[in-house]
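Summary of structural features
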Amino acid sequence: MAIPSFVDRVKLQVSAGNGGNGCTSIRREKFKPLGGPDGGNGGNGGSVILRVEPGLTTLVEFHRGSQRRADNGKQGQGVFRNGANAEDIILLVPAGTVVTDVNTGEQLADLSEENAELVVAQGGRGGLGNAALATPARKAPGFALLGEMGESRTIQLELKAVADVGLVGFPSAGKSSLIAAVSRARPKIADYPFTTLVPHLGVVTRGDVTFTIADVPGLIEGASEGKGLGHDFLRHIERCRAIVHVIDCATYEPGRDPLSDLEVIEKELTAYLGTDDRPRMVALNKVDIPDAAELAELVKPDIASKGWPVFEISTKTGNGLKELTYAMAALVAQQRSLAPPEPGKRIVIRPKQVSADQEFSVEKITGAEGEFSWRIRGTKPERWVQQTDFSNTEAIGYLADRFVRIGIENELLAQGAQAGDEVLIGTGENPVIFDFAPQIESEAELLARRGEDQRLIELRPAAQRRRIKDAEYHAAKAEEAELDG
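The rules behind the values
- Residues numbered from 1 in each chain as written.
- Predicted model: local features only at pLDDT ≥ 70, side-chain atom pairs only at ≥ 80, totals over all residues.
- Heavy atoms only, no water.
- Core = buried A, V, L, I, M, F, W, Y, C linked by side-chain atoms within 4.5 Å.
- Buried < 20%, exposed > 50% of the residue type's maximum accessible area, 1.4 Å probe, protein only.
- Helix = DSSP H or I, 4+ residues; strand = E, 2+ residues; numbered from the N terminus.
- Contact = heavy atoms within 4.5 Å.
- Patch = residues over 30% accessible without salt bridge, like charges linked within 9 Å, V, L, I, M, F, W, Y side chains within 5 Å.
- Areas by Shrake-Rupley, 256 points an atom, 1.4 Å probe, with all protein chains shown as cover.
- Salt bridge = Lys/Arg side-chain N within 4 Å of Asp/Glu carboxyl O.
- Pairing = 2+ DSSP bridges.
- Axes fitted to C-alpha atoms, helices over the stretch in contact; angles between N-to-C directions.
- Phe/Tyr/Trp six-rings, centres within 6.5 Å; stacked < 30°, edge-to-face > 60°.
- Lys NZ or Arg CZ within 6 Å of the ring centre and 35° of its normal.

We now examine the nonpolar core. Formed by 24 residues in total, the largest nonpolar core has its most connected members in Leu50, Val99, Leu111, Val120, Ile155 and Leu157. Among the elements of the structure, strand S1 (9–15), strand S2 (48–52), strand S4 (89–93), strand S6 (107–111), strand S7 (117–121) and strand S8 (152–159) are those that each provide at least two residues to this core. Not counting the four nearest positions on each side in its chain, Leu157 is found in contact with Asp8, Arg9, Val10, Leu12, Leu50, Leu59, Phe62, Val93, Thr97, Val98 and Val99. Within the second largest apolar cluster, 23 residues are counted, among which are Leu178, Val182, Phe311 and Leu321.

Shown next as structure tokens:
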């Protein structure tokens, strides 16, 4: 099956790479078998990035390969060796590409500036190794953080051609012939309707102004409602700075004349674009035919009464094309001065914050039989859950400490949560579920700090061990005195 030369709408599955896991390792040296943690961090997963490439005019590159996936980051290793970051995938798209999330219908970006970039799927961050997790209170963590999952989404790419001047008119009015006559573009030209099946772009230079023109094929009455081919290409007129009506003054079709053709096309543009104040120009084509020249002279005053410049042209002989294109150049220069182009920028899609002053939210969920549970949402809690190795009790304890630090436990208690209540973290079909177990203050002797490796304590000199024990004893007594008030 032949691949089409022009594609202006595709669906694409993009998946970023996962971050590499951090490493849990203890440094071993001669005469010092337990020298401390030295596990390296995992590498970041590759992102999927859309980048506007000047010169591209089609999305045909994605017509067949509808999936793009970046590589995962490498896992951290011992001796403080960090895992390698994965390479990003750069997908080149034409200027004027609109990116939409298929599942939510949300428009993610409108890539109309040259060299603009969109990180459409962010690579997962690598997990920290136990060396990076070590603190004065946690000298030898027996765990590391897992790498985060890379983002994955289905997007639609829709091209809305970026052209300075849009040529509109009935089929066979001479739009393609006009582009061929004033630029180096060579579209297929014939004298039957719907010869042009795809929009064409041409580049024109007049004086010190260089501008692009595009034809919008297939416009007929009812195109905005889906008739003919025009409904597929009307979107390409949205970005044009000016519109030029190309009117066929030599048509022999019954019921058609230049004024009625102009009225029909304007009606379709209004139905699609709404109230539009973009400047218009009118080119009365095929005046090399005597009857067409007479008709053009007859209707020219009526069209000029609308306030639109009118030009009599012939794409076959070149008559009037110089005046028309210089007028186009002057109009484009005027429009550009009103809205100068913005420089390309990099856009990153980030999760929406819960609120401006809160890192998480707690929601009470009531079941059908009256039982209830709690759902926690927030960028940090959901990311921390991804990073946790639930087969490691020390890692689970570290996660609980992080939740306490940002106030999740206090918020659950304030809203009436009881020990043993079911708590869900995250959205989607597979949230993490655990039973609520608030920290219980007790006078039990503190045997070891969380994250402390008892083997390292036993290898320390006796005097250092005594100082540590004394410090822990006094800290416990101070805490006890504070609780007693």
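There is a patch of nonpolar side chains on the surface, built from Leu56, Ile90 and Leu92 and spanning about 200 Å² of accessible area. Structurally, Ile90 is set in strand S4. Take Ile90: its relative accessible area is 33%, and that puts it in the partly exposed class.

Our next topic: the sheet that holds strand S17 (residues 372–377). In spatial order, the strands read S16-S17-S18-S19; together these 4 strands make up an open sheet with mixed pairing. The open sheet has two edge strands with one neighbour each: strand S16 (361–366) and strand S19 (432–435). Averaged over all pairs of adjacent strands, the angle between strand axes in this sheet comes to 25 degrees, irrespective of strand direction. Note: S16 against S17, 6 bridges, orientation antiparallel. If you follow Ser361 over to S17, its bridge partner there is Arg377. Along the sheet, helix H7 (residues 379–387) contacts S17, strand S18 (422–425) and S19; its crossing angle with S18, the most-contacted strand, is approximately 95 degrees.

What follows covers the packing of aromatic side chains. A full pass over the atoms with the stated rule returns 2 aromatic pairs. With centroids separated by 5.2 Å and ring planes inclined at 45 degrees, the aromatic side chains of Phe143 and Tyr398 adopt a geometry described as tilted. Within this pair, whereas Phe143 is found in the loop between helix H1 (130–133) and S8, its partner Tyr398 is found in helix H8 (residues 393–406), the two being separated by 255 residues in sequence. For Phe143, a relative accessible area of 2% puts it in the buried group. One cation-aromatic arrangement involves Lys306 over Trp308; the distance from NZ or CZ to the ring centre is 5.9 Å.

This brings us to helix H2 (residues 175–182). Among the 8 residues in H2, 6 count as buried, and that is most of the element. When H2 is considered as a whole, its buried residues turn out to be Lys175, Ser176, Leu178, Ile179, Ala180 and Val182.

A few words on unusual backbone geometry. It is generally the case that most residues other than glycine have a negative phi and that most peptide bonds are trans. Despite not being glycine, Val79 shows a phi value in the positive range, around 60 degrees. Its place among the elements puts Val79 in the loop between strand S3 (67–69) and S4. Despite not being glycine, Phe80 shows a phi value in the positive range, around 60 degrees. Within the element layout of this structure, Phe80 appears in the loop between S3 and S4.

So, about the pattern of salt bridges. It is possible for side chains bearing opposite charge to pair when their charged atoms get close. Inspection of the entire model under this criterion finds 13 salt bridges. Here Glu148 makes a salt bridge to Arg125, at a shortest N to O gap of 3.4 Å. Here Arg125 lies in the loop between S7 and H1 and Glu148 lies in the loop between H1 and S8, a separation of 23 residues in the sequence. For Arg125, a relative accessible area of 44% puts it in the partly exposed group. Of the charged contacts in the structure, one is a salt bridge between Arg377 and Glu363, with a shortest N-O distance of 2.8 Å.

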